[in-house]
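# Descriptive structure summary
So you can see what is in the structure, the chains are spelled out below.
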Amino acid sequence: MASLSEILIIRGQLPITSIDAAASDDETQIRELVSQGLLSESQVASARAAQLNLPFVDLTEYPVDHSAVALVPIGLLRRHEVLPIGRDGDRLLVAMADPNNVVALDDIRAAVRFSVRAVVAERQDLLNAIARFVRADSELNDLSSEIESDAEPTGTELERAEVEDDAPIVRFVNLLISQAIQDHASDIHLEPGEHEMQVRYRIDGVLHEMQRAPKSIQNGVISRLKIMSDIDIAERRKPQDGRLSVMHGGRKIDLRVATLPTVYGEKVVMRILDNSATQLGIQQMAMLDHNLERFKRSYSKPYGMILVTGPTGSGKSTTLYTTLNEVAKPEINVITVEDPVEYRIAGINQVQVNVKAGLTFASALRSILRSDPDVVLIGEIRDQETAQIAIEASLTGHLVLSTLHTNDAPSAVTRLIEMDIEPFLVGSALDCVVAQRLARRLCDKCKQPYHANPDELQALGFAVDPRMGVPTLHRPIGCQHCSNTGYRGRMALHEVMSVTEDIERLAVSRASSAEIGRAAVQQGMYTLRQDGWGKALLGMTSIEEILRVVA
């Protein structure tokens, strides 16, 4: 039987000079070449299939049969890292990264009671497919039934029992959180109703119902989450908030937890804070070159104020942290004041607002300015006092980054003036405003190109250059990779307004945001819709999605 390296060389995927013929361990050599980027995992898996005379399947494209998946117990699939994908006559096809694992094949054969045929898949694709098709929903249903049958729905005995580490409620909560992280959810909503508790995940900005649990387990679930978040378990009459951390896939994931009393019990919302967002580079923000150049010019200055605006959940914090990563260097002092501190970043001094102790944005900012900062990040400008200190800080040689709730970039100027900040100070201090929205990104596996009708596009307000011919756009279709939504992941639409002398003069004269907006567009600002149009032409999103998120 030919070795893996020999098959790869025959296929032209590997130069013969890269293999040491004298080495005895072919597998180790192959692993080393993969780590060096000279081979892909998919090429190795395909070669392994050829070596064993087995079929190779690409699970990102293969139409997996859900009924085949349901034949094998979930625990068995996860333990052996295998996935049934369909039938070949009277045999069950099972995708495996290691087809030599005879124990796994024997266990599956015993479970289904008929013959099994192995096919080879790339390991990471296999794990992703298992996560997609072998969801925790059935386990959650089983656990909620177990909790309901084992515990009395009244009294405090349920709550005391369910905080023990081996209690079913602990496994229920852990599964809820791990499934949300696996599904790339940004928020988990636990909503008490009259007869049951509803669980919803916000995925790509849209809420999806995932689970309905019996009313009898509601108090136990909430108590468990409160204990994990260091929240007062006895207080149910007022809103509370806390924080918890979990390990998932070898990474530490933080969750911000908030409780809210409702007529049917406490609602809990958990915001999943994936620290990988803080490690993004400025090039990964999906800014068009035109906007990126303007934005870089602003944050490269040693002083001035940069504001990021948009509604809640529009990615403002991610943009701020990404910018902070770009400007933070060992030779400068970076201090942030946030409420709450969402992401912990090494090498940066982060201050948590504590209103009960008298540490507000304004008081913390005053103290920060006495601590010799070079760059100051303010989580949000909420009042006149904070705005005034931030403006003064930017005028005295500090680079100030912050957020503001406005619908577009020009409105940030008028909002600051409405906060009783002197217009000439706003014009002098403000250097750049970035407004943004989050739009769903088209799934690369199934998006479909089409030729758009120029007349219809112009009617919708999208500028079509007749010299470019008929524009080619893409529409969502839906596949297994994107859970048949047509979209996978999100990206930001940006509106970057540089505060020029003309805009500064308009601010001093208390011009309206519409006048400021017209001047900014004349000086080259792309509006949110224009930025979305540019990204639609690049095949990143669809026209329907732009119209959904931008008025």
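Rules used in this analysis
Residues numbered from 1 in each chain as written. Predicted model: local features only at pLDDT ≥ 70, side-chain atom pairs only at ≥ 80, totals over all residues. Heavy atoms only, no water. Helix = DSSP H or I, 4+ residues; strand = E, 2+ residues; numbered from the N terminus. Buried < 20%, exposed > 50% of the residue type's maximum accessible area, 1.4 Å probe, protein only. Contact = heavy atoms within 4.5 Å. Areas by Shrake-Rupley, 256 points an atom, 1.4 Å probe, with all protein chains shown as cover. Salt bridge = Lys/Arg side-chain N within 4 Å of Asp/Glu carboxyl O. Axes fitted to C-alpha atoms, helices over the stretch in contact; angles between N-to-C directions. Parallel < 35°, antiparallel > 145°, perpendicular 65-115°, else oblique. Nonpolar A, V, L, I, M, F, W, Y, C, P; charged D, E, K, R; others polar. Expected span 1.5 Å × (residues − 1). Pairing = 2+ DSSP bridges.

## Brief notes about the overall build of the protein
- Helix and strand counts for the protein come out as 22 helices and 18 strands.
- Across the 551 residues of the protein, 50% fall into the buried class.
- Taking as baseline every contact in the protein between residues at least 6 positions apart, the subset at least 24 positions apart corresponds to 63%.
- Surface exposure of the protein reaches about 26100 Å², of which carbon and sulfur atoms provide 49%.

## Topic: the pattern of salt bridges
- Applying the stated criterion to the full structure yields 23 salt bridges.
- Across the pair R382 and D339 runs a salt bridge, and its minimum N-O distance is 3.3 Å. Of this pair, R382 sits in the loop between β13 (375-378) and α15 (384-395) while D339 sits in the loop between β11 (334-338) and β12 (349-352), and the two are 43 residues apart along the sequence.
- For D339, a relative accessible area of 32% translates into the label partly exposed.
- The structure contains a network of salt bridges with shared partners spanning D88, R91 and R117.

## Some details on the packing of helix α10 (residues 168-182) against helix α11 (residues 218-228)
- For the pair α10 and α11, the least separation of the axes is 10 Å and the interaxial angle reads 70°. Our classification of the angle between α10 and α11 gives roughly perpendicular. For the pair formed by α10 and α11, the contact residues are I169, V170, F172, V173, N174 and I177 on the first element and G220, V221, R224, L225 and M228 on the second.
- Considering only residue class, the contact of α10 with α11 consists of 8 nonpolar, 2 polar and 1 charged.

## Some points on helix α13 (residues 316-327)
- The end-to-end C-alpha distance of α13, which contains 12 residues, comes to 17 Å, matching closely the 16 Å that a straight helix rising 1.5 Å per residue would cover.
- Within α13, the full set of buried residues consists of K316, T319, L320, Y321, T322, T323, L324 and V327.

## A word on the sheet that holds strand β5 (residues 196-203)
- Strand order in this open sheet of 6 strands is β6-β5-β4-β9-β8-β7, and the pairing throughout is antiparallel. Unpaired on one side and paired on the other, β6 (206-214) and β7 (240-248) mark the two borders of the sheet. Across this sheet, the average inter-strand angle for adjacent strands is 20°, counted without regard to direction.
- Across 8 bridges, β5 lies against β6 in antiparallel orientation. Across the sheet, Y201 pairs through a bridge with H208, a residue of β6.
- Across the sheet, α10 lies against β4 (185-192), β5, β6, β7, β8 (251-262) and β9 (265-273), angled at about 75° from β7, the strand it touches most.

## Side note on the pairing of β13
- Where burial is concerned, the two faces of β13 agree: the one with V375 and L377 and the one with V376 and I378 are both buried.
- Pairing between β11 and β13: 4 bridges, direction parallel. Paired with I335 across the bridge in β13 is V376.
- As paired elements, β13 and strand β14 (residues 399-404) share 4 bridges and run parallel to each other. Paired with L377 across the bridge in β14 is L401.

## Details of the sheet that holds strand β2 (residues 91-96)
- An order of β1-β2-β3 is seen for the 3 strands of this open sheet, with the pairing classed as mixed. The open sheet is flanked by β1 (82-88) and β3 (116-120), the only strands paired with a single partner. Across the sheet, the mean angle from the axis of one strand to that of its neighbour is 30°, orientation sign disregarded.
- The pairing of β2 with β3 spans 5 bridges and is parallel. Counterpart to A95 in the pairing with β3 is V119.

Without other data, these values stay purely geometric and don't point to any function.
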